[in-house]
Amino acid sequence: MEEEELDGPNTSSEKRYFPESLDSSDGDEEGILACEDLELNPFDGLPYSSRYYKLLKEREALPIWKEKYSFMENLLQNQIVVISGDAKCGRSSQVPQWCAEYCLSIHYQHGGVACTQAHKQTAVQLALRVADEMDVNIGHEVGYVIPFENCCSSETILRYCTDDMLQREMMSNPFLGSYGVIILDDTHERSIATDVLLGLLKDVLLARPELKLIINSSPSLISKLSSYYGNVPVIEVRNARPVEVVYRSGAQEDPLQSVSRLIFEIHRSGEKGDIVAFLACEQDIEKAYEIVCQEGSNSNPDLGELVVVPLYPKEKCALFRPNDETEKRCQAHQRRVVLTASSGESLIWSSTVQFVIDVGVERRKVYNPRIRASSLVMQPISQSQAETRKQILGPSSSGKLFCLYSEDFVSKDMQPLKAAEMQEANLTSTVLFMKRIDIAGLGHCDFMSRPAPESLMQALEDLDYLAALDNDGNLSEFGIIMSEFPLEPQLSKSVLASCEFDCVDEMLTIAAMVTAPNCFSRLPRGAEEAALTCWKTFLHPEGDHFTLINIYKAYQDTTLNSTSEHCVEKWCHDYFLNCSALRMADVIRAELLEIIKRIELPYAEPAFGSKENTLNIKKALLSGHFMQIARDVDGSGNYLMLTHKQVAQLHPLSGYSITKTTPEWVLFHEFSISDNNYITVTSETSPELFMQLAPQYYFSNLPPSESKDILQQVMDGLSPNSTMKKEQKACEKCPETTEQRCTLQ
């Protein structure tokens, strides 16, 4: 991913032409694409604006522009073309436009263009930029599709989308028949969806000889891609810029202190340019933000204002791309310091960055299929990531890269390439997708990096527990419906179970809230007490899932009763809630409701607050999350997982932590092994409910433990807490219940 250089030298106007060999139109129409300096835009038939010609000069200054003719010739003569180029060469914005010109030249007889991105922020911003460069309207000729947001129409010929959205499209359109060209961008990011697409498109290309595949990547991955796809043409885009690299010498310091010290040394030096610092994780971004803001307030005002910009890659944050006016103003009065972490490289779109600070390590989430949990592991970044960070530096003059590690560290500790996400993540959703598109023998799929066999086995086992597979290992009818929802399989199962338990309305809210970003705002230092006081108003005694419903309902009520969006934002600010996260939850919920209606599932009227509804919500949650149960083994909040011997604590923002209560049995949404082993989004459950709703063979496969013994006693009707006596008394009062319970047993 890269940003076009906005200050490139002026060059002559574009020759908008296809080589004659590329023009498959009839002789009567050859003037449409072969003439120079077209006055009419061939994509919408309207005259070009003056802005088009201004942006054209900037495009012609990009390194990729010199390769246009070579690319067009290769596109015509080959089915697959690989483009090797570093950041800011222009490949993500220019190549899709050239492919759109190709599709136009053959009258869209094979479809339009789809260009994938690893990050939704970049998909949106690229679509906006390219629509501007092509002089067309966003949402018409050029559009974008990201999770839970579609800005396209029937007129769209160039569609930017996240890789996972193109993957989902293959469920209903396995051969991608609506596209004539597929562009896989940022393949070096090695996301699961991109690796899956790389594998599946091999078969699609055989079935559709007319389909073209363009693969954009950094130079580091080219040799691997070439061996994976065979003898395919590679276009190399060179973009050499002078960069001074300064490596650490001497003893290792605290990374945060080193980053802070370097920032202020640069600031005091008086050298112009913005600073980008790559830290290990989001927690480090928060700590560094506090340190730099505090020290910056005491710095000499004559040096100019130091503006600190935290950029969280995993959140839907704005890109760092100031506009022209802001950049001119800031060059004289301000210096911006961007604090980000891994995957933040693609979010830096400013040409004013002259200093990059790299700590050289990252905190990665690595999934362990044996214990069904992720570990947060601190490890070195790859050599390719380090090279990408160097390419962020602006082109106007030589920049400086400060590496807080030695050259020996690069050669001895850094791997050449970034690890494929497929080898480190939970594959349950991926296997569900592969089963949906009827791929057999998953262990033999031709992935560029094969997943570990135990990860595939664990994913298949989980899908079997969730009743998504039939006896032959194919998707069951239940599994087919589960795959319709853009949710984790466990959450999809809970949504489907809620149809049986008459609590769909409430379950959709829970699913939307846990899928959206965290609804609680990041707290500035000193605001903790005030925030907790506000959040206590939403707490529900039955657990965090119910608290999320309270928060969403309060947000909805505020939205309905407010006269403007500003009032809603103020309400969120006053209650320390993340307004954009709640908006996203609203959008997700609307899409889930649409799916429920489309496949005609039963939808009961909301009844939140009644005892029966509370029990039904717990049943629906447990139907999908029976593998995420923990028990307080000592009465002091040390929760032991049922599936393994890991111990965890309730998250500090859990309602139970705030009210200082510790239920014995809880159902949780997520658990990660880190410095603080927290289970997040927890609600109380009971062994009786577990035995009623968990599959018998899942219970049989649980490892021996005290918790399993308790569950066995419940199943045998011998609860240690005299549950049987209480039930007998209840049965005497209600003979109908006795008869019904006997039937269930």
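Parameters at a glance
Residues numbered from 1 in each chain as written. Predicted model: local features only at pLDDT ≥ 70, side-chain atom pairs only at ≥ 80, totals over all residues. Heavy atoms only, no water. Helix = DSSP H or I, 4+ residues; strand = E, 2+ residues; numbered from the N terminus. Buried < 20%, exposed > 50% of the residue type's maximum accessible area, 1.4 Å probe, protein only. Contact = heavy atoms within 4.5 Å. Areas by Shrake-Rupley, 256 points an atom, 1.4 Å probe, with all protein chains shown as cover. Pairing = 2+ DSSP bridges. Axes fitted to C-alpha atoms, helices over the stretch in contact; angles between N-to-C directions. Core = buried A, V, L, I, M, F, W, Y, C linked by side-chain atoms within 4.5 Å. Salt bridge = Lys/Arg side-chain N within 4 Å of Asp/Glu carboxyl O. Expected span 1.5 Å × (residues − 1). Polar contact = N/O pair within 3.5 Å; in protein donor to acceptor, adjacent residues only side chain to side chain. Left-handed = near helix turned anticlockwise from the far one by under 90°. Nonpolar A, V, L, I, M, F, W, Y, C, P; charged D, E, K, R; others polar. Phe/Tyr/Trp six-rings, centres within 6.5 Å; stacked < 30°, edge-to-face > 60°. Lys NZ or Arg CZ within 6 Å of the ring centre and 35° of its normal.

## Remarks on the overall build of the chain
Thinking step 1. Counting its secondary structure elements, the chain contains 29 helices and 21 strands.
Thinking step 2. Taking all 745 residues of the chain together, 54% fall into the buried category.
Thinking step 3. Across the chain, contacts joining residues at least 24 apart in sequence account for 75% of those joining residues at least 6 apart.
Thinking step 4. Approximately 33400 Å² of the chain is accessible, and the part contributed by carbon and sulfur atoms is 50%.

## Looking at the sheet that holds strand β11 (residues 305–310)
Note on sheets: strands pair through backbone hydrogen bonds, and any given pair is parallel or antiparallel.
Thinking step 1. Ordered in space as β9-β16-β13-β10-β12-β11, the six strands form an open sheet in which the pairing is parallel. If you trace the sheet from one side to the other, it starts and ends with β9 (243–247) and β11, each paired once. Ignoring strand direction, the axes of neighbouring strands in this sheet form an average angle of 15 degrees.
Thinking step 2. Pairing of β9 with strand β16 (residues 399–403), which is carried by five bridges, proceeds in the parallel orientation. Its bridge partner being in β16, Val245 is matched across the sheet by Leu401.
Thinking step 3. Here helix α9 (residues 255–269) sits on the sheet in contact with β10 (274–278), β11, β12 (334–340), β13 (353–358) and β16, set at roughly 160 degrees to β13.
Thinking step 4. Docked against the sheet, helix α10 (residues 282–296) engages β11 and β12, running at close to 170 degrees with respect to β11.

## A closer look at unusual backbone geometry
Thinking step 1. Backbone geometry places His107, a non-glycine residue, at a positive phi of 60 degrees.
Thinking step 2. Tracing the backbone shows His107 in the loop between α4 (91–105) and β2 (112–117).
Thinking step 3. Accessibility expressed as a relative area gives 45% for His107, which makes it partly exposed.
Thinking step 4. Phi at Ala467 is positive, roughly 65 degrees, even though this residue is not glycine.
Thinking step 5. Here Ala467 is to be found in the loop between α15 (453–465) and α16 (477–483).

## Comments concerning the nonpolar core
Thinking step 1. The biggest cluster of nonpolar side chains holds 117 residues, and the ones touching the most others in it are Ile182, Tyr229 and Phe690.
Thinking step 2. It is helix α22 (residues 579–598) that contributes the most residues to this core, nine residues altogether.
Thinking step 3. Residues in contact with Tyr229, not counting those within four places in the same chain, are Ile80, Leu198, Leu201, Lys202, Leu205, Leu213 and Ile215.
Thinking step 4. Tyr52, Ile64, Met72 and Leu126 belong to the second largest nonpolar core, which has 43 residues in total.

## Let's talk about the environment of Met641
Thinking step 1. Examined against the element boundaries, Met641 turns out to sit in strand β18 (residues 639–641).
Thinking step 2. Using a relative accessible area of 4% as the deciding quantity, one classes Met641 as buried.
Thinking step 3. For Met641 and Ala630, which are eleven residues apart along the polypeptide, the C-alpha to C-alpha distance reads 4.4 Å.
Thinking step 4. With residues up to four places along the chain from it excluded, the contact list for Met641 reads Ile629, Ala630, Gln646, Ala648, Phe668, Phe671 and Ile679.

## Details of the pattern of salt bridges
Thinking step 1. This model, assessed by the stated rule, comprises 34 salt bridges.
Thinking step 2. We note a salt bridge from Arg51 to Asp132, for which the minimum N-O separation is 2.7 Å. Taken as a pair, Arg51 in helix α2 (residues 50–60) and Asp132 in helix α5 (residues 120–134) lie far apart in primary sequence, 81 residues in all.
Thinking step 3. The closest approach of N and O atoms between Glu542 and Lys618, which form a salt bridge, is 2.6 Å. Placement of the pair is Glu542 in the loop between α19 (528–536) and α20 (544–561) and Lys618 in helix α23 (residues 611–625), with a sequence separation of 76 residues.
Thinking step 4. Its relative accessible area of 13% is what places Lys618 among the buried residues.
Thinking step 5. Taken together, the shared-partner salt bridges in this structure form one network comprising Lys54, Glu58, Arg59, Arg129 and Glu133.

## Topic: α4
Thinking step 1. Helix length check: α4, at 15 residues, gives a terminal C-alpha distance of 21 Å against a target of 21 Å (1.5 Å per residue), a fit within 8%.
Thinking step 2. Counted residue by residue, α4 has 15 buried out of 15 residues, so it is predominantly covered.
Thinking step 3. Just downstream of α4 lies His107, where phi reads positive at about 60 degrees.

## Looking at the pairing of strand β5 (residues 158–162)
Thinking step 1. Burial analysis of β5 places four of its five residues in the buried class, the great majority of the element.
Thinking step 2. One ladder, built from five bridges, connects β2 with β5; its direction is parallel. From the neighbouring strand, Cys115 faces β5, where its bridge partner is Tyr160.
Thinking step 3. Two elements, strand β3 (residues 142–146) and β5, share four bridges in a ladder whose sense is parallel. Paired with Tyr144 across the two strands is Tyr160, which belongs to β5.

## Here we look at the pairing of strand β7 (residues 212–217)
Thinking step 1. β7 sits mainly inside the fold: six of its six residues count as buried.
Thinking step 2. A two-sided burial pattern is seen for β7, the buried positions comprising Lys212, Ile214 and Asn216 on one face and Leu213, Ile215 and Ser217 on the other.
Thinking step 3. Of the pairings in the sheet, the one linking strand β6 (residues 179–184) to β7 comprises four bridges and is parallel in character. By the bridge assignment for β7, Leu184 is matched with Ile215.

## A few points about the side chain of Asn677
Thinking step 1. When you line up the elements, Asn677 lands in the loop between β20 (665–673) and β21 (678–684).
Thinking step 2. A distance of 3.5 Å separates a polar atom in the side chain of Asn677 from the backbone oxygen of Val647.
Thinking step 3. When sequence neighbours within four positions are dropped, the list of residues in contact with Asn677 reads Gln646, Val647, Ala648, Gln649, Phe671 and Ser672.

## Things to note about α15
Thinking step 1. Between its first and last C-alpha, α15 extends 18 Å over 13 residues, near the 18 Å set by a 1.5 Å rise per residue.
Thinking step 2. Within α15, burial applies to Ser455, Leu456, Gln458, Ala459, Asp462, Leu463 and Tyr465.
Thinking step 3. For α15, the elements touching its buried residues are β14 (361–368), α14 (428–436), α17 (489–500) and α26 (696–701).

## Comments concerning the side chain of Asp505
Thinking step 1. On the secondary structure map, Asp505 appears in helix α18 (residues 504–515).
Thinking step 2. Relative accessible area serves as the criterion here: at 16%, Asp505 is assigned to the buried category.
Thinking step 3. At a separation of 2.6 Å, a polar atom in the side chain of Asp505 contacts the side chain of Tyr603.
Thinking step 4. Excluding residues within four positions of it along the chain, Asp505 makes contact with Arg589, Tyr603, Ala604 and Pro606.

## Side note on the packing of α17 against α23
Thinking step 1. For the pair α17 and α23, interaxial distance at closest approach is 7 Å and the crossing angle is 145 degrees. In terms of crossing hand, the pair formed by α17 and α23 is right-handed. Contact residues: Gln490, Leu491, Lys493, Ser494, Ala497 and Ser498 in α17; Ala620, Leu621, Ser623, Gly624 and His625 in α23.
Thinking step 2. For the contact of α17 with α23, the residue count by class is four nonpolar, six polar and one charged.

## Re the packing of aromatic side chains
Thinking step 1. For the structure shown, the criterion picks out 18 aromatic pairs.
Thinking step 2. Ring geometry for Phe538 and Trp571: centres 6.2 Å apart, planes at 75 degrees, overall edge-to-face. One end of the pair, Phe538, is in the loop between α19 and α20; the other, Trp571, is in helix α21 (residues 565–574), with 33 residues separating them in the sequence. Just as Phe538 is buried, Trp571 falls in that class too.
Thinking step 3. Joined through ring pairs, the aromatic side chains of Tyr465, Phe626, Phe690, Tyr697 and Tyr698 make up one cluster.
Thinking step 4. The ring of Tyr312 has Arg522 sitting right over it, with the charged end atom 3.7 Å from the ring centre.

## Thoughts on the sheet that holds β5
Thinking step 1. Sheet architecture is open: eight strands sit in the order β4-β3-β5-β2-β6-β7-β1-β8, paired in mixed fashion. Two strands lie at the open edges of the sheet, namely β4 (149–151) and β8 (234–237), each paired on one side alone. Neighbouring strand axes in the sheet, compared pairwise and without regard to direction, differ in orientation by 15 degrees on average.
Thinking step 2. Bridging between strand β1 (residues 80–85) and β8 involves four bridges; their strand directions are parallel. Residue Gly85 lies in a different strand from β8, and its bridge partner there is Val237.
Thinking step 3. Sitting on the sheet, α5 touches β2, β3 and β5, and the angle it makes with β3 is about 175 degrees.
Thinking step 4. Taken strand by strand, helix α7 (residues 192–207) contacts β1, β2, β6 and β7, and its axis lies near 155 degrees from that of β6.

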